[in-house]
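Structural overview
Here's the letter readout for the chains.
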Amino acid sequence: MPLIRLTVPDHLPPAPVRALADAVHQALVDCCGVPVADRFILITRLAGQNMLFDPHYPNVTRSADACVVDITLLGGRTPEQKQRLYRHIAAGAQQAGLRADDVLVALSENSAIDWSLGRGLSFEAANAAHTA
Amino acid sequence: MPLIRLTVPDHLPPAPVRALADAVHQALVDCCGVPVADRFILITRLAGQNMLFDPHYPNVTRSADACVVDITLLGGRTPEQKQRLYRHIAAGAQQAGLRADDVLVALSENSAIDWSLGRGLSFEAANAAHTA
Amino acid sequence: MPLIRLTVPDHLPPAPVRALADAVHQALVDCCGVPVADRFILITRLAGQNMLFDPHYPNVTRSADACVVDITLLGGRTPEQKQRLYRHIAAGAQQAGLRADDVLVALSENSAIDWSLGRGLSFEAANAAHTA
């Protein structure tokens, strides 16, 4: 039920982009209690001229490979969980061959009732039907 | 003032995608009190490799046609309205020739002051000017 | 830390789109206390058939050039700041050669802990490290 949206420059090859996507999901599993199977990722590739980032704000050095990781997730994670999440995403990005300075993460929170994962049921109703 | 964002696989023909878009808007009208004319929809088509979804979580069977319906809307709708919204969207998707399991919906709420529908005015100011 | 997402019809030439992007960022600087260097903009171009807007709601006249400006930003701006922001964005759009009726703005708020601008650190932790 997190929905992960990656926006990446279109010159990046598929392999590091896919590795970054996998790393973001794994970080959510490891740091935020997201089930492994709860995996929903959208990847948008944009031309560099359509990604306008300050090269240094607040105190980093961004390259032309800079990516945005935008995650909509259930509210309730603690500041400590979110800080750990950022560290794990950055470590995963580096393993994917990207630079930690090139990963911007933005979280937006909503509630369980704000999700339907299919079948016309809210997530809560689907889960109740499943476990009944 | 809901802003509807559909993200669909690029192999889907235009007709079912447009029918899904219309169905989502109609569901908002029927279940959430959205005016018929209040219609703002963005449709993004992505290659299948850029839409990474678990095939079964939590208890559905997704196909390669799976779509994301992401709606930013005013806060205040009840859980019952949202559940009804999901049912209507799923029914509309089926009428569009899609499978109910292939429609993921995520809602994000904001406030009236968070919208300007044009002319440099907040929605509330525009409405006040309109009805004054 | 605002993340600005422009969605524009693909027939618009690059110059007015870039001018609109600059105007939105400048409006955030002028009206919402955003630092000049705090600049993160993603621009998505869509075919007209994938941008479905009511031509008049609530009381404007939209053309085929209508654009969506979607901003995720820290919560806490006042209604007066947001109204001023809309006026500045509309004025900037007009200077960019666009019509004020063709700019829809939607704001979504989050918190400082919801941002990492790089290096695996939350924004607050990065700032603390920077000023320590």
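Structure's up top.
Definitions and cut-offs
Residues numbered from 1 in each chain as written. Chains lettered and ligands numbered in written order. Predicted model: local features only at pLDDT ≥ 70, side-chain atom pairs only at ≥ 80, totals over all residues. Heavy atoms only, no water. Least-squares fit on C-alpha atoms with pLDDT ≥ 70 in both. Axes fitted to C-alpha atoms, helices over the stretch in contact; angles between N-to-C directions. Helix = DSSP H or I, 4+ residues; strand = E, 2+ residues; numbered from the N terminus. Parallel < 35°, antiparallel > 145°, perpendicular 65-115°, else oblique. Left-handed = near helix turned anticlockwise from the far one by under 90°. Contact = heavy atoms within 4.5 Å. Nonpolar A, V, L, I, M, F, W, Y, C, P; charged D, E, K, R; others polar. Buried < 20%, exposed > 50% of the residue type's maximum accessible area, 1.4 Å probe, protein only. Pairing = 2+ DSSP bridges. Right-handed = clockwise from strand over helix to strand, strands pointing away. Buried area = accessible area lost by both parts, 1.4 Å probe. Salt bridge = Lys/Arg side-chain N within 4 Å of Asp/Glu carboxyl O.

1. Describing the relation of the copies chain A and chain B
Mapping chain A onto chain B leaves a residual RMSD of 0.0 Å; the transformation is a rotation of 120° accompanied by 0.0 Å of translation along its axis. Look at the turn and shift together and you get a three-fold axis relating the two. Taking the C-alpha atom as reference, chain A places A:S108 closest to the rotation axis, 4.8 Å from it.

2. Focus on the packing of helix α1 (residues 14-32) of chain C against helix α2 (residues 79-95) of chain C
The description of two packed helices rests on the angle between their axes and on the distance between the axes. Residues and elements named next belong to chain C. It is at 8 Å that the axes of α1 and α2 come closest, and there the two elements cross at 150°. In terms of orientation, α1 and α2 fall into the roughly antiparallel class. In this structure, α1 meets α2 at a crossing whose hand is right-handed. Counting all contacts with α1, which are made through L20, A23, V24, A27, L28, D30, C31 and C32, the residues of α2 involved are Q81, R84, L85, H88, I89, G92 and A93. Across the contact of α1 with α2, the residue classes tally to 10 nonpolar, three polar and two charged.

3. With respect to the environment of B:L28
Residues and elements named next belong to chain B. Looking at where L28 falls in the secondary structure, it is placed in helix α1 (residues 14-32). The buried category is assigned to L28, whose relative accessible area is 0%. C-alpha separation for the pair L28 and R45, spaced 17 residues apart in sequence, amounts to 22 Å. Those residues in contact with L28 that lie beyond four places of it in its chain are P2, I4, G33, V34, I71, L73 and L85.

4. As for unusual backbone geometry
All names here are of chain A. In the segment running from Y57 into P58, the intervening peptide bond is cis, with an omega of -5°. Considering the arrangement of structural elements, one finds P58 in the loop between β3 (51-53) and β4 (67-74). Despite not being glycine, R119 shows a phi value in the positive range, around 70°. In this structure, R119 sits in the loop between β6 (115-116) and α3 (123-131). Its relative accessible area of 44% is what places R119 among the partly exposed residues.

5. Let's talk about the sheet that holds strand β1 (residues 3-9) of chain B
Strand order in the open sheet made by the six strands is β6(A)-β5(B)-β4(B)-β1(B)-β2(B)-β3(C), with mixed pairing throughout. Each having just a single partner strand, β6 of chain A together with β3 (51-53) of chain C make up the two edges of the open sheet. As paired elements, β6(A) and strand β5 (residues 103-110) of chain B share two bridges and run antiparallel to each other. The residue bridging A:S116 from the neighbouring strand is B:V105, located in β5(B). The sheet strands contacting α1(B) are β1, β2 (40-46) and β4 (67-74) of chain B together with β3 of chain C, and the helix crosses β1(B) at an angle near 150°. Strands in contact with helix α2 (residues 79-95) of chain B are β6 of chain A together with β4 and β5 of chain B; relative to β5(B), the strand with the most contacts, it is inclined by about 140°.

6. Notes on the pairing of strand β5 (residues 103-110) of chain A
Residues and elements named next belong to chain A. Burial of β5 is extensive: seven of the eight residues sit out of reach of the surface. Summarising the sheet, β4 and β5 pair through eight bridges and their orientation is parallel. If you follow L73 over to β5, its bridge partner there is E109. At this point the chain moves from β4, through helix α2 (residues 79-95), to the parallel β5, and the crossover so formed is right-handed.

7. As for the interface of chain A and chain B
Across the contact, 31 residues belong to chain A and 31 residues belong to chain B. When the two sides are added together, the surface that chain A and chain B hide from each other amounts to roughly 2,700 Å², 56% of it contributed by carbon and sulfur. On the surface where chain A and chain B come into contact, there are three salt bridges. Between B:K82 and A:D114 there is a salt bridge; the shortest N-O distance is 2.7 Å. Of all the secondary-structure elements, those providing two or more residues to the side of chain A that touches chain B are β1 (3-9), α1 (14-32), β2 (40-46), β6 and α3 of chain A. Of the residues forming the side of chain A that touches chain B, the biggest block, six residues, is contributed by β2(A). Here the residues of the side of chain A that touches chain B sort into 15 nonpolar, nine polar and seven charged.

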